[in-house]
Amino acid sequence: MRDKKLYILFLGDVFLSTLAIFIGFFLRFKNLSITDGLSGYDGTRIFLFMIVVIFSSFLFELYSRDRDFGRKEIFARTSIAILLSFVILSVLFYMIPFIMIGRGFLAWSLAIFLFLQYLWHVGYQFCINLPGFAKRVLIIGTGPLAEKIGNIIISTNHNHILSGYLHFAHEPVYVPATSILENTTSLIETVKREKASKIVISLSERRGTLPLKDILSCKLRGIEVLDAPSFYEQLTGKLLIENITPSCFIFSDGFRITPFKNVIKRIFDILFSSIGVIIALPLIPLIALLIKMDSPGPVFFRQVRLGYREKHFVLYKFRTMRQDAEGKTGAVWAEKNDPRITRVGSFLRKTRLDEIPQLYNVLKGDMSFVGPRPERPEFIEKLKDIIPYYSERHYVKPGITGWAQVKYPYGASVEDAIEKLRYDLFYIKHISFFVDLLIVLETIQVVLFGRGGR
C-alpha cells in the first residue's frame with residue numbers, strides 16, 4: 001500500500017508541525033529562548049500537538065491519493081482541520097490538565113502550522129503537476145489489457161502521462177491509432193525518444209512476442225519495468241483479478257500471513273474492540289430504545305455468516321429491517337432505498353452504528369476488527385462459481401471494517417462483489433499492523449461523512 005504522494009505530504013506535515021510549535025513558543029515568549037523553554041514544554045506536548053494536527057488533516061483528506069485539490073479547497077480543508085485540532089486539544093487539556101500548554105502558545109502554533117501547511121500543500125501540488133515531474137509511461141501492447149491500463153493513466157491523477165502504445169505482430173488493436181507509436185527502431189531508442197521513465201507490459205500474448213533483451217537493456221539503464229497487473233495495483237489500490245494466476249499468489253512478496261502477524265492482529269483486535277465497547281456503552285441503551293419505538297421485533301439481529309476458512313458463525317448487529325424482511329423473498333442483497341429498512345435502521349446503517357454488536361464477534365474471535373466483509377453462505381456459494389479466487393478472501397478473518405469497505409460503496413450485485421474482491425485480495429497481499437491502522441483511520445472518515453451505507 002505504498003503511495004509516495006501520501007508519504008511525502010505526511011512527512012512534510014510532521015516536520016512542519018514540530019517547527020510550528022517551536023516558532024509559536026518563540027513568538028509567544030519573546031524574552032525566552034526556545035531551548036530554555038523546552039523544560040516546561042517537553043516532547044510529550046510536542047508529540048501530542050503533532051498527532052492531533054496530523055489526525056485532523058487526515059480526516060479532511062489532505063493526504064488523499066485520489067484527489068487533486070485547488071488552492072481554495074486546500075485552504076478550506078486546512079482551516080477546518082486546524083479548527084478541529086483546536087477543539088480536540090482544548091478537550092484533552094480540560095480532561096488532562098497536566099499536559100496543558102498555554103492558550104496563547106497554542107493559538108500561535110496552530111496559526112503558524114496552518115500557514116506553513118497551506119504553503120507546503122499548494123507548493124507540492126504545483127510541483128507534481130509540472131510536466132518535468134510527471135512520469136511518462138510507455139505501454140507495450142495494443143489489446144484490451146493495454147487499453148484498460150491506458151484509460152486508468154488518463155483518468156486518474158497519480159502524476160503519470162501516457163507516452164503511447166507499442167504494437168507487435170498478432171496483437172489486436174483496441175487503442176486509438178493516433179496513440180500507437182512507430183516501432184521501426186529498437187525499444188531503447190523509442191524509450192529515449194519518448195522520454196519514458198516506465199514501461200508497462202500489457203501484451204495479450206507474451207510468448208514469442210516479448211522483446212526480452214530490449215526490455216532487460218531498458219531496466220539496466222534505470223527504466224522501471226512493470227507488468228500490467230502490478231501497475232494496475234500501484235495506481236488503484238486493488239488487484240486485477242482477471243489477469244492473476246496461481247503463480248502470482250505463490251511467488252508474490254505478499255500473501256504471507258505468519259503466526260507473528262496473527263498474534264499482532266489479535267492484540268490489535270482486542271485493543272480496538274475494547275476501546276469501541278467503552279465508547280459505545282452509553283449509546284447502546286438509546287439505540288435499543290429507538291429500535292423498539294420505531295418497529296416491532298427484537299433489538300438485535302442474528303445471522304449466519306461465513307468466516308475464517310469458510311467456517312460458519314453467528315453475526316450480531318442492531319436490527320435495521322422489518323422483522324419479516326425476507327419472509328417472501330429469501331436471501332437477497334440490500335438495495336438502494338430498500339423498503340425493508342426502517343427509519344431508525346436507515347440512520348444506523350448510514351452512521352455504521354448498527355455494527356456495534358459485532359465488537360462482541362471480534363472479542364469472541366469469530367471476526368477481526370479489520371478484514372473482508374463477512375458474507376452469507378447463500379451468496380458465497382454462487383459467487384465462488386462465478387468469480388475466480390473468491391475463496392481466497394477467507395484465509396483471513398472477516399472484519400467490521402476493511403479496505404474494500406472504505407474504498408467501495410455497499411455491494412449489491414455480482415459486479416460489486418468482483419470489485420470488492422479486488423480490494424480484499426489487495427488487503428490480504430499487504431496485510432500488516434500499519435495497514436490495519438490506516439484502514440481504521442479511513443473508517444473514521446467514512447463514518448463522519450456518511451459514505452457507502454445502504
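The preceding data block contains the structure.
If you're wondering where the values come from, they're calculated on a predicted model, not measured in any experiment.

This paragraph deals with the sheet that holds strand β1 (residues 135-140). If you walk across this open sheet you meet the 5 strands as β3-β2-β1-β4-β5, and the pairing is parallel. If you trace the sheet from one side to the other, it starts and ends with β3 (180-181) and β5 (224-227), each paired once. Looking at chain direction, β1 and strand β4 (residues 198-201) are connected through 4 bridges and run parallel. Counted as the bridge partner of Ile-140 is Ile-201 from β4. Those strands touched by helix α7 (residues 187-194) are β1, β2 (160-166), β3 and β4, and its axis lies near 145° from that of β1.

At a minimum axis distance of 11 Å, the contact between helix α6 (residues 144-155) and helix α9 (residues 228-236) shows a crossing angle of 25°. Taken together, the axes of α6 and α9 lie roughly parallel to each other. Both α6 and α9 take part in a crossing whose hand is left-handed. Where α6 abuts α9, its residues Leu-145, Lys-148, Ile-149, Ile-152 and Ile-153 lie against Ala-228, Phe-231, Tyr-232, Leu-235 and Thr-236.

So, about the environment of Gly-254. On the secondary structure map, Gly-254 appears in the loop between α10 (246-251) and α11 (259-280). Under the relative-accessibility criterion, Gly-254 is labelled buried at 12%. The spacing of Gly-254 and Ile-428 is 174 residues in sequence and 7.8 Å in space, taken between C-alpha atoms.

Another aspect to go through is the environment of Lys-198. Along the chain, Lys-198 turns up in strand β4. Residues Lys-198 and Cys-218 lie 20 residues apart in sequence; the distance between their C-alpha atoms is 9.4 Å. Setting aside anything within four residues of it in sequence, one finds Lys-198 in contact with Lys-135, Arg-136, Val-137, Leu-138, His-160, Ile-223, Glu-224, Leu-226, Phe-231 and Gln-234. A distance of 3.1 Å separates polar atoms of two side chains, one belonging to Lys-198 and the other to His-160.

Although it is not a glycine, Phe-255 sits at a positive phi angle of roughly 60°. Tracing the backbone through its elements, the reader meets Phe-255 in the loop between α10 and α11. Here the phi dihedral of Arg-352 falls at roughly 65°; this positive angle occurs in a residue that is not glycine. Looking at the element boundaries, Arg-352 is found in the loop between α13 (343-351) and α14 (358-364).

Right, let's talk about the side chain of Thr-78 for a bit. Summarising the element assignment, Thr-78 is placed in helix α4 (residues 71-95). A relative accessible area of 0% places Thr-78 in the buried class. Excluding residues within four positions of it along the chain, Thr-78 makes contact with Leu-62, Leu-114, Gln-117 and Tyr-118.

One finds Phe-369 and Tyr-427 to be the most contacted residues of the largest nonpolar core, which totals 44 residues. With 7 residues, helix α17 (residues 414-430) is the largest single contributor of residues to this core.

What counts, and where the lines are drawn
- Residues numbered from 1 in each chain as written.
- Predicted model: local features only at pLDDT ≥ 70, side-chain atom pairs only at ≥ 80, totals over all residues.
- Heavy atoms only, no water.
- Pairing = 2+ DSSP bridges.
- Helix = DSSP H or I, 4+ residues; strand = E, 2+ residues; numbered from the N terminus.
- Contact = heavy atoms within 4.5 Å.
- Axes fitted to C-alpha atoms, helices over the stretch in contact; angles between N-to-C directions.
- Parallel < 35°, antiparallel > 145°, perpendicular 65-115°, else oblique.
- Left-handed = near helix turned anticlockwise from the far one by under 90°.
- Buried < 20%, exposed > 50% of the residue type's maximum accessible area, 1.4 Å probe, protein only.
- Polar contact = N/O pair within 3.5 Å; in protein donor to acceptor, adjacent residues only side chain to side chain.
- Core = buried A, V, L, I, M, F, W, Y, C linked by side-chain atoms within 4.5 Å.

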